[in-house]
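Single-letter residue listing:
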Amino acid sequence: MKQAAHVSIPFYAQNERFSVLNVGVSNMPVILWTDAMIFLLLATILAAALWIRKRPHLVLPWHRVAKGSVGMVSLLLLSLFVLVGLLDTMHYRAALPEKSNGQTVYSAEVLSVFDALAKGIKSRSEKTYSAPLAAYLYAKESMETPDGKILRDYPRLRYGGVHLADPQRELLGDVLKRTVIGALEGLIIGVLLIAVSNMLFHFFIKLRTGRLSTVPEISKDNWIFTFTRAMKNRPFRALLITALLIAMLFGMTINLAAVYHVLGTDKVGQDVLYLALKSIRTGLVIGTVTTLVMLPFALLLGIAAGYLRGWVDDVIQYLYTVLSSIPSVLLIAAAVLMMQVYIEMHPEWFETSAARADLRLLFLCLILGVTSWTGLCRLLRGETLKLRELEYIQAAQAFGVSTSRILTRHIVPNVMHIVLIAVVMDFSSLVLAEAVLSYVGVGVDPSTMSFGTLINSARLEMGREPMVWWTLAAAFGFMLVLVLAANLFADAVRDAFDPRLNRTEAVA
Amino acid sequence: MKSDLSLNPLPSAPPEIGRGEFILNVDGLVTRLNNGARIVDDISFSIKQGETFALLGESGCGKSMTALSLMRLLPDGIRIASGDIKLDEEDILALPEYAMRKVRGGQMAMIFQEPGLSLNPVMTVGDQIAEALKLHQKLRGDEIRPRCVELLEQVGISDAFRRANEYPFQLSGGMKQRVMIAMALAGQPKLLIADEPTTALDVTIQAQVLKLLRDTQQKTGMALLLITHDLGVVAQMAHQVGVMYAGQIIEQAPREQLFARPAHPYTQKLFAALPDAGRSGQPLAAIPGNVPPLGASLAACRFAPRCDKAWALCHDQVPEWTQLENGQGVRCHLYTSQIGSDKLNLNVPLSPGSSTASGEVAGEEGSDSSLLQVENLQVHFPIHKGILKRTVGHVKAVDGVSMNIPAGRTLALVGESGCGKTTVGKALLQLITPTAGSVRFAGHELIGISARQLRKQRAGMQMIFQDPYASLNPKMRVAEILQEGMDALSIANNSDERQRRIDELLEQVGLEKASKWRYPHEFSGGQRQRIAIARVLAVNPNLLICDEPTSALDVSVQAQILNLLKSLQQQLGLSYLFISHNLAVVEYLAHEVYVMYLGRIVERGTVKEVLHAPKHPYTQALLSAVPRIDGQGMKTVRLAGETPSPSNPPQGCHFHTRCAHAMAECHKEYPGETIITATHRVHCYLAAE
Ligand SMILES: Nc1ncnc2c1ncn2[C@@H]1O[C@H](COP(=O)(O)OP(=O)(O)O)[C@@H](O)[C@H]1O
Ligand code: SF4
Ligand code: SF4
Ligand SMILES: [Mg+2]
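Residues numbered from 1 in each chain as written. Chains lettered and ligands numbered in written order. Predicted model: local features only at pLDDT ≥ 70, side-chain atom pairs only at ≥ 80, totals over all residues. Heavy atoms only, no water.

### Structural notes on the overall build of chain A
1) Next: What chain A contains, in helices and strands, is 17 helices and five strands.
2) Next: Taken across its 508 residues, chain A has 42% of its residues classed as buried.
3) Next: A separation of at least 24 residues holds for 72% of the contacts in chain A among residues at least 6 apart in sequence.
4) Next: Total accessible area computed for chain A in this model is approximately 27400 Å², and 69% of it derives from carbon and sulfur atoms. (Helix = DSSP H or I, 4+ residues; strand = E, 2+ residues; numbered from the N terminus. Buried < 20%, exposed > 50% of the residue type's maximum accessible area, 1.4 Å probe, protein only. Contact = heavy atoms within 4.5 Å. Areas by Shrake-Rupley, 256 points an atom, 1.4 Å probe, with all protein chains shown as cover.)

### Examining the sheet that holds strand S19 (residues 543–547) of chain B
Residue and element names in this part refer to chain B.
1) Next: The strand order across the open sheet built from eight strands is S18-S19-S20-S15-S21-S22-S24-S23, with neighbouring strands paired in mixed fashion. This sheet does not close on itself; its edge strands, each paired only once, are strand S18 (461–464) and strand S23 (674–675).
2) Next: As paired strands, S23 and strand S24 (residues 681–682) are joined by two bridges and run antiparallel to one another. Across the sheet, the residue bridging to Ile-675 is Arg-681, located in S24.
3) Next: Across the face of the sheet, helix H18 (residues 525–537) comes into contact with S18 and S19 while running at roughly 170° to S18. (Pairing = 2+ DSSP bridges. Axes fitted to C-alpha atoms, helices over the stretch in contact; angles between N-to-C directions.)

### With respect to the interface of chain A and chain B
1) Next: If you look at the interface, chain A gives 24 residues, while chain B gives 33 residues.
2) Next: With both chains or domains summed, chain A and chain B bury close to 2600 Å², and 58% of this area falls on carbon and sulfur atoms.
3) Next: Joining chain A to chain B, the criterion identifies zero salt bridges.
4) Next: Of all the elements in the fold, those that place two or more residues in the side of chain A that touches chain B are helix H3 (56–67), helix H14 (391–398) and helix H15 (403–440) of chain A.
5) Next: With seven residues, H14(A) is the largest single contributor of residues to the side of chain A that touches chain B. (Buried area = accessible area lost by both parts, 1.4 Å probe. Salt bridge = Lys/Arg side-chain N within 4 Å of Asp/Glu carboxyl O.)

### Regarding the pattern of salt bridges
Residue and element names in this part refer to chain B.
1) Next: Per the counting criterion, the structure on display carries 34 salt bridges over all chains.
2) Next: Arg-162 is paired through a salt bridge with Glu-166; the nearest N and O atoms lie 3.2 Å apart.
3) Next: On the basis of relative accessibility, which here comes to 42%, the residue Arg-162 falls in the partly exposed class.
4) Next: Judged by relative accessible area, which is 11%, Glu-166 ranks as buried.
5) Next: Because the salt bridges share partners, they merge into one network encompassing Asp-159, Arg-162, Arg-163 and Glu-166.

### Remarks on unusual backbone geometry
1) Next: Backbone geometry places Arg309(A), a non-glycine residue, at a positive phi of 50°.
2) Next: Assignment of secondary structure puts Arg309(A) in the loop between helix H10 (272–308) and helix H11 (310–325).

### Details of the site of ligand 2
1) Next: What surrounds ligand 2 is the set His264(B), Pro265(B), Cys301(B), Phe303(B), Ala304(B), Cys307(B), Ala310(B), Cys314(B), Cys332(B), His333(B) and Leu334(B).
2) Next: Looking at the shell around ligand 2 residue by residue, the classes come out as nine nonpolar, two polar and no charged. (Near = heavy atom within 4 Å. Nonpolar A, V, L, I, M, F, W, Y, C, P; charged D, E, K, R; others polar.)

### Notes on H14(A)
All names here are of chain A.
1) Next: Most of H14 sits out of view: seven of its eight residues are buried.
2) Next: Along H14, the residues that are buried comprise Glu-391, Tyr-392, Ile-393, Gln-394, Ala-395, Ala-396 and Ala-398.
3) Next: Immediately downstream of H14, the backbone of Gly-400 shows phi near 75°, a positive value.

### Regarding the packing of aromatic side chains
1) Next: Under the definition given, this model contains 14 aromatic pairs over all chains.
2) Next: Ring geometry for Tyr342(A) and Trp349(A): centres 5.7 Å apart, planes at 65°, overall edge-to-face.
3) Next: Residue Tyr342(A) is classed as partly exposed on the basis of its relative accessible area, which comes to 45%.
4) Next: Under the relative-accessibility criterion, Trp349(A) is labelled partly exposed at 46%.
5) Next: With a centroid separation of 5.3 Å and an interplanar angle of 70°, the aromatic rings of Tyr266(B) and Phe303(B) are classed as edge-to-face. Highlighted residues: Tyr266(B) in helix H11 (residues 265–273) and Phe303(B) in the loop between H11 and helix H12 (312–316), separated in sequence by 37 residues.
6) Next: An aromatic cluster is defined as three or more aromatic residues linked by ring pairs; in this entry it consists of Tyr138(A), Trp469(A) and Trp470(A). (Phe/Tyr/Trp six-rings, centres within 6.5 Å; stacked < 30°, edge-to-face > 60°.)

### Here's the deal with the side chain of Ser107(A)
Residues and elements named next belong to chain A.
1) Next: Looking at where Ser-107 falls in the secondary structure, it is placed in strand S3 (residues 103–112).
2) Next: The exposure class of Ser-107 is buried, given its relative accessible area of 13%.
3) Next: There is a polar contact of 3.0 Å between the side chain of Ser-107 and the backbone nitrogen of Glu-109.
4) Next: When near neighbours in sequence (up to four residues on either side) are disregarded, Ser-107 contacts Arg-93, Ala-94 and Leu-96. (Polar contact = N/O pair within 3.5 Å; in protein donor to acceptor, adjacent residues only side chain to side chain.)

### Considerations on the environment of Leu376(A)
All names here are of chain A.
1) Next: One can find Leu-376 in helix H13 (residues 353–388).
2) Next: On the accessibility criterion, Leu-376 (5% relative accessible area) is buried.
3) Next: Each C-alpha atom of the pair Leu-376 and Asp-426 lies 9.6 Å from the other, and the pair is 50 residues apart in sequence.

### Remarks on a nonpolar patch on the surface
Residues and elements named next belong to chain A.
1) Next: There is a patch of nonpolar side chains on the surface, built from Ile-31, Phe-39, Leu-42 and Met-90 and spanning about 370 Å² of accessible area.
2) Next: Mapped onto the secondary structure, Leu-42 falls in helix H2 (residues 33–53).
3) Next: On the basis of relative accessible area, Leu-42 is assigned to the partly exposed category, the value being 37%. (Patch = residues over 30% accessible without salt bridge, like charges linked within 9 Å, V, L, I, M, F, W, Y side chains within 5 Å.)

### Some remarks on the site of ligand 3
1) Next: Surveying the vicinity of ligand 3 reveals the residues His616(B), Pro617(B), Cys653(B), Phe655(B), His656(B), Cys659(B), His661(B), Cys666(B), Pro671(B), Cys684(B), Tyr685(B) and Leu686(B).
2) Next: For the shell around ligand 3, the class distribution of residues is nine nonpolar, three polar and no charged.

### Considering the sheet that holds strand S1 (residues 28–30) of chain A
Residue and element names in this part refer to chain A.
1) Next: The antiparallel open sheet is built from three strands, whose spatial order is S1-S2-S3. The sheet terminates laterally at S1 and S3, the two strands that pair on one side only. Adjacent strand axes in the sheet meet at a mean angle of 35°, parallel and antiparallel pairs treated alike.
2) Next: Where strand S2 (residues 91–100) meets S3, six bridges bridge the pair, whose relative direction is antiparallel. In the strand pairing of S3, His-91 is matched with Ser-112.

### Describing the side chain of Thr124(B)
1) Next: On the secondary structure map, Thr124(B) appears in the loop between helix H3 (115–118) and helix H4 (125–137).
2) Next: With residues up to four places along the chain from it excluded, the contact list for Thr124(B) reads Ala164(B), Asn165(B), Glu166(B) and Tyr167(B).

### Quick word on the nonpolar core
As a rule of thumb, soluble globular proteins bury nonpolar side chains together.
1) Next: Core analysis: the largest hydrophobic core is formed by 105 residues, its most contacted members being Ile411(A), Phe259(B), Tyr266(B) and Ile533(B).
2) Next: If one sorts the elements of this core by residue count, helix H19 (residues 555–572) of chain B sits on top with eight residues.
3) Next: Each of two domains, domain 2 (272–346) and domain 3 (370–460 + 540–688) of chain B, supplies a minimum of three residues to this core.
4) Next: Membership of the second largest hydrophobic core comes to 40 residues, among which are Val175(A), Leu256(A), Ala257(A) and Phe497(A). (Core = buried A, V, L, I, M, F, W, Y, C linked by side-chain atoms within 4.5 Å. Domains from an automatic or database assignment.)

### Observations regarding the environment of Ala238(A)
Residue and element names in this part refer to chain A.
1) Next: Structurally, Ala-238 can be placed in helix H9 (residues 234–257).
2) Next: Residue class for Ala-238 comes out partly exposed when judged on its relative accessible area of 23%.
3) Next: When the C-alpha atoms of Ala-238 and Ser-69 are compared, they prove to be 6.1 Å apart, with 169 residues separating the residues in sequence.
4) Next: Here Ala-238 is in contact with Ser-69 and Val-73, once residues within four sequence places are set aside.

Shown next as structure tokens:
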């Protein structure tokens, strides 16, 4: 939207800019179920981070993660996804201009902060399919020319490329120009941001060392020195380059998205870029909330089975053996269909359709959680079996320490590394599972945007002539980057926690 | 080891065989970590044909790395930096890898500490030996089998033809080590490197394996590089001895000379740190401190921080290798400088003189204020089989043990591994529920009482475990570890009092106060064992069950812990149930000894009675199997075979399958108790006659 100054923007676009500014003034915040779960998860992670900070033996492996460039770059990518997901998690209902007997009336549509920020591309929907960066629709239509003749041709888009007088000639040049300008702008902003944060960092370090030591030896080095010293650090260099590349990509996308559909539009003319960005939250919710659901099961049952043995062990083992021998797709399909029927019988439960779709998403997470705890549970049971024979557990038993205290003080901290690794590794497989389930038709609500629904719609589009390829490509690209980043990060974490790879001394 | 030992001849000297040419010459070997730390630092030695060279040293001093350097089998991240290794005039370091593969297992073979880990679990024993034969002997198809069987017979495996078709899991630890030796012999090596070959084995099995090595050497004339931390093994086996410390050989001498007159202060201390009965009154001469970490400063004598003879020179100059007139080599300033020889002439006694009876705690016969009374304790573990987990039998781990521990005394429980010692300890603490019997502690019966009542008694009786690396939770700081017991048993109510108590405990066990905020991984094995001791002292117990508390520690550190245990007993009047297989430690520490075999006590009595006048053939065999540095063993009683399984003990006297004196009646019924003196009792028909 940087081009606002020298491009004639239609009036409605200007209206939108104002409404963006209105967000949060008189709107009603809405917390959906999955929002609550995500906030809970965030709080847990924050608490865990604070807890770990005080324990040097736990901080050490994370330092190792911070020293690897692959881990850090994938973490940067992941955090961008998380940022989009979080913005998309803060929901609200906009206040409507008209009031009914003094009470503010809120719209039935539940929006998110992300929707507000992306209102530009959200609202500019075309009639139907259009290719990425096109100025014409993807299908021929009968049009009436000014002189009354009926012509069958590709009509101009309502929003995409409307500023061009003659797209046939000008489109390529305009796209190139915007790309280059956008990239440059992104680069400049990126460099500026990095410089500012470096200065802040330098200032911060100076403040700290200044407080710790009275000797003002630091005075001679300036912020440039801080920067060059940081540049000697390999992962930092890799991070910097990635950050600049991403800034350029952002600049380009924002610049083009102002007047084009960067990834085209779908059957009902919605911008695919918007759909793909909205899908991120769904993927993240599935990946993380499921973990939240499954973790207590796996941890509690696994540790109980391993530590208590006897009939408890028998029952739990029996349970997970049975569960893991039922094909999970069948189980999920049955549960989701039942749920669907149930929801449809009680429409009065839901104020908004978003609440209904959200409940279904949450339910999907629950089901996935119930079917996927068995793997981790088995791992934890095995580890606990090994731990319970260790002498420090027996020493605690000899003191008469209660079972619950032995479990929380001795067993849980010593299996935490397994939990962590399993959780990070499971994330990507859950994101993929959602896509598969939605494709099969037992996934999220059709109105929820997700990679699965995108792929599902692409099923028909690929069979169309001429083929519509961009929906699938967009879903594929986004999912690839997300899952790849998650996997690489998981690898980095696992390596950092592997004692065999981190031997500092020889076994003499 | 006493300083006057040179007067005694060494009766159990290794056989003198025709020793010939030098087979192995190592000169100036340096092996480094990739970060530059020297693990093996300038080591030189030579071994003659038919000779045994023992490398003696504590854990972490670089013995195994020296051996792996010779084989060129160093792990990743460690490499040979300089030096010269010649095997039979062939430069080992110059050989390309493919030629080296021929040398390994051919001219030079190696056996390791853990026989279980060195054999491939999915191949039969015969196939594994055959593989070695094919590689190094160029034998063809039908010649291989007979040779395999021959080798197995040579290492003393009975029924060799059947055993060749068995898998490693079907063999016991001792047999696996024999198979390893057979594999090593397959290539008819000129040099056999044995890295702690008997450390994982019981004394009786150790005696068998050592004898096998000696016999084999006599037959084949191979040279043997024996790596060990056990002075007793050295005394039995070695011709030449190199003592290693922190990556260097600090003393080298023929065995007789080394044992008669150790020159280096470290070697002297090692001898003095060995526990035995002669010293049971006094503290052991423990070496303070720990083995220095890898890559410590190179500008001083590495032993200087722990050496009581050190002076300024020792701290700023590395001592050179000095050859003494009698052929002994040593790395110490005492022998190079004027001040040094002055110091030497002061003639500091090597060990605290010969013992007097004054140190003996009064009351040999045991006081009558009994703290713990155990009557007919039984622990049977059910054996489950099949999918329905039906009980098909019982492992009678403990089968009718009675004992009596008076206050302030130490009772030792000795026996081979698997005889049920640990199970007794855990059953006393009610960590394992006993099947039957009675345990009365300070007048209260412990078996069958409720969990709440049991908790009241918990503080009185505590346990110190064998492995200091497994007995402390790695995720808890020392203060939290010490506090756990106090919390559970509500000792010291407010936190100030608790912190004061923790400081006091740390001081009591000889650790700094600052260590309470550190995690266990920052401590060495000996320090960890001190923490474990502090943890149990926190609840003011009367009885400590010590399950092999020093068997995972080095000799010099073992002495520190034994001294600590002894002084705690004197200060606090503690009683100990001391579980051990190390008879020298038992002799030093205990008042009474119970000998256990297959879940039952076969002999009990005072230390003097049991260890100096044993009546049971098993006790006699145990005692004679222990390699003694003074060689004053009793008449040799070799113990054939291995302990039978406790799930199916032999009919009659459990020991009759291995007993040299077994008679007809021994096969029929378990012998009853024979009272020899008021304290000395034996279960054996021999003694009953
Ligand atoms: N939990 C258990 N279940 C079955 N058998 C056991 C168990 N614990 C120990 N045993 C068996 O009991 C016997 C005695 O073991 P243990 O007391 O550990 O011997 P020691 O301490 O003398 O080496 C061994 O045969 C061992 O295999
Ligand atoms: S050189 Fe000095 S410090 Fe080292 S062993 Fe000899 S006397 Fe002790
Ligand atoms: S009773 Fe018989 S078999 Fe048993 S130890 Fe005595 S002599 Fe040997
Ligand atoms: Mg044991």
